[in-house]
Amino acid sequence: MEKLIEYILHFGNLNQQQIDFIKSKATELELKKDDYFSEAGKIPKYIGFVLEGVFRFCYYNNKGEEITYYFISENSFVSDQQKFDAQAAATDYIQAVTDCKMLVFSKKDWDEILNTILDWDKISAKITHKCLTEAMDRRSPLVSEDGTTRYLSFLEKYPMLINRVPLSLVASYLGVTQQSLSRIRKNIR
């Protein structure tokens, strides 16, 4: 719980009463590897803060291939924020890559925080902006780089994930086949 509060305090000030209120709205949730936190076609139930584990964001392209486009690990919020806020069906999947522990907020609880804590909308907007900026920063250069450069960028941006995420998901994220990724890894060593 303290990691969550510490994270939020980077984006704005809260008094002890507000901190206690946020804590009272958080619920612990554990997901097993391969469980979905959010599924395409369903309305996202929660906003989560990852305490342990790794999630991936993915979708299926028009060929039916699964495409991983983002990873989230500890001490970060995870959600399909737009769909959660609008209570609309998600178009992507958020899946646990490892066993995960998190703190979650239902839409009702999130709205109560918004309606109770002065300036929560500003704090929440800053958190969302940071998450979106990180996602764009991590994905944008991948389009124009070769596979080796993309892999080296992945290692730089996600140094703690390479031994926690299956290579098939890394290959999907990089937009290469698993065989190509194996060659890239072999040539780097």
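Keep in mind it's a predicted model, so treat the numbers as computed, not measured. (Residues numbered from 1 in each chain as written. Predicted model: local features only at pLDDT ≥ 70, side-chain atom pairs only at ≥ 80, totals over all residues. Heavy atoms only, no water.)

1. Digging into the sheet that holds strand E1 (residues 27–31)
Alright, step 1. Spatial strand order, E1-E8-E3-E6: four strands in an open sheet with antiparallel pairing. Looking at the sheet topology across the chains shown, the edges are occupied by E1 and strand E6 (77–78). (Pairing = 2+ DSSP bridges. Helix = DSSP H or I, 4+ residues; strand = E, 2+ residues; numbered from the N terminus.)

2. Notes on the nonpolar core
Alright, step 1. Grouped together as the largest cluster of nonpolar side chains are 30 residues, with contacts concentrated most on Phe55, Phe71, Val78 and Phe154.
Alright, step 2. Among the elements of the structure, strand E4 (55–60), strand E5 (66–72), strand E7 (93–96), strand E8 (100–106), helix H6 (147–157), helix H7 (167–174) and helix H8 (178–188) are those that each provide at least two residues to this core.
Alright, step 3. Of the residues forming this core, the biggest block, five residues, is contributed by H7.
Alright, step 4. With 22 residues, the next largest nonpolar core counts Phe11, Ile22, Ile47 and Trp110 among its residues. (Core = buried A, V, L, I, M, F, W, Y, C linked by side-chain atoms within 4.5 Å. Buried < 20%, exposed > 50% of the residue type's maximum accessible area, 1.4 Å probe, protein only.)

3. Description of the environment of Lys101
Alright, step 1. Counting through the fold element by element, Lys101 comes out in strand E8.
Alright, step 2. Considering only alpha carbons, one finds Lys101 and Leu167, 66 residues apart in sequence, at a separation of 23 Å.
Alright, step 3. Residues within four places of Lys101 in sequence aside, it is in contact with Leu29, Glu30, Phe49, Val50, Leu51 and Glu52. (Contact = heavy atoms within 4.5 Å.)

4. Focus on the packing of H6 against H7
Alright, step 1. It is at 10 Å that the axes of H6 and H7 come closest, and there the two elements cross at 115°. The interaxial crossing formed by H6 with H7 has right-handed handedness. On H7, the residues that touch Arg150, Tyr151 and Phe154 of H6 are Val170, Tyr173 and Leu174.
Alright, step 2. Considering only residue class, the contact of H6 with H7 consists of five nonpolar, no polar and one charged. (Axes fitted to C-alpha atoms, helices over the stretch in contact; angles between N-to-C directions. Left-handed = near helix turned anticlockwise from the far one by under 90°. Nonpolar A, V, L, I, M, F, W, Y, C, P; charged D, E, K, R; others polar.)

5. Let's talk about H8
Alright, step 1. Listing the buried residues of H8 in full gives Ser180, Leu181, Ile184 and Arg185. Projection of H8 onto a plane perpendicular to its axis shows the buried side chains occupying an angular sector of 135°, all on one side. Along H8, exposed side chains directed more than 90 degrees from the buried face belong to Gln179, Arg183, Lys186 and Asn187.
Alright, step 2. Buried residues along H8 sit against H6 and H7. (Arc of directions from axis to C-beta.)

6. Details of the pattern of salt bridges
Opposite charge on two side chains permits pairing when their charged atoms draw close.
Alright, step 1. Inspection of the entire model under this criterion finds nine salt bridges.
Alright, step 2. A single salt-bridge network, built from bridges that share partners, covers Lys25, Lys108, Asp109 and Glu112. (Salt bridge = Lys/Arg side-chain N within 4 Å of Asp/Glu carboxyl O.)

7. What about the sheet that holds E5?
Alright, step 1. Taken together, four strands build an open sheet; the order of strands is E2-E7-E4-E5 and the sheet is antiparallel. Of all strands in the sheet, those with a lone pairing partner are strand E2 (36–38) and E5, marking the two edges. Here the average twist between neighbouring strands, direction ignored, is 35°.
Alright, step 2. Bridge count between E2 and E7: two bridges; the pairing is antiparallel.

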